[in-house]
Amino acid sequence: MHDNLVSIVILNYNGKKFLNDCIDSIKLYTEGDYEIIVIDNASPDNSGRESAVKYSEHKFILNERNFGVPEGFNIGINNSSGKFIILMNNDVKVTKGWLQSFFE
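Within any chain, residue numbers begin from 1 and follow the written order of that chain's sequence. The model is predicted, so local features are restricted to residues of pLDDT at least 70 and side-chain atom pairs to those at 80 or more, both for listing and for counting; the totals for chains, interfaces and linings are taken over all residues. Hydrogens are left out, water is left out, and the side-chain values use all remaining heavy atoms of the structure.

*Asks:* It is not clear to me how unusual backbone geometry should be interpreted in this structure. Could you clarify?
*Replies:* With a phi angle near 55°, A42 is a residue other than glycine that sits in the positive phi range. Along the chain, the position of A42 falls in the loop between β2 (34-40) and α2 (47-54). One non-glycine residue, N46, lies in positive phi territory at about 65°. Mapped onto the fold, N46 is located in the loop between β2 and α2. Exposure classes here rest on a 1.4 Å probe applied to the protein chains alone. A residue is buried below 20% of its type maximum, exposed above 50%, and partly exposed in between. Accessibility expressed as a relative area gives 33% for N46, which makes it partly exposed. In DSSP terms, a helix is any run of H or I states spanning at least four residues, a strand is any run of E spanning at least two, and both are numbered starting from the N terminus.

*Asks:* Even after reading the chapter, I still don't get the side chain of S7, so can you show me in this structure?
*Replies:* Following the sequence through the fold, S7 ends up in strand β1 (residues 2-12). Residues contacting S7, with those up to four places away along its chain left out, are E35, I37, S80, S81, G82, F84, I85 and I86. Here, residues are in contact when the closest pair of their heavy atoms is within 4.5 Å.

*Asks:* Honestly, helix α3 (residues 68-78) in this entry has me stumped. Any pointers?
*Replies:* An α-helical turn contains 3.6 residues, so any two residues separated by three or four positions project in the same direction. Taken together, the buried positions of α3 are G72, F73, I75 and G76. Down the axis of α3, the buried set is contained in an arc of 150°. They therefore lie on one face. Among the exposed residues of α3, those pointing more than 90 degrees away from its buried face are P70 and N78. An arc is given here, and it is the one of the directions from the helix axis to the C-beta atoms.

Following this line, the structure appears as structure tokens:
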């Protein structure tokens, strides 16, 4: 566990039209020490695999089957390193200052 690291766990299933926008907004509007972990629940639209190539600097876990929401998030939590963990759906777009309270 890292002192001020925030683990942002994104659960993805068929998020081709959302996932990249979600990750881009996090990268644009997140200050401080954070990691992005994407859990893909065997998306038939291949969105997890495609985004894993585009965002290779982040952690992607590509499940062989759909584990559902609770177990999918638990996989992300178990693979996180942060002191704080944020669970996020793939259709979220964050805005400026969204994470400031964690670092105050």
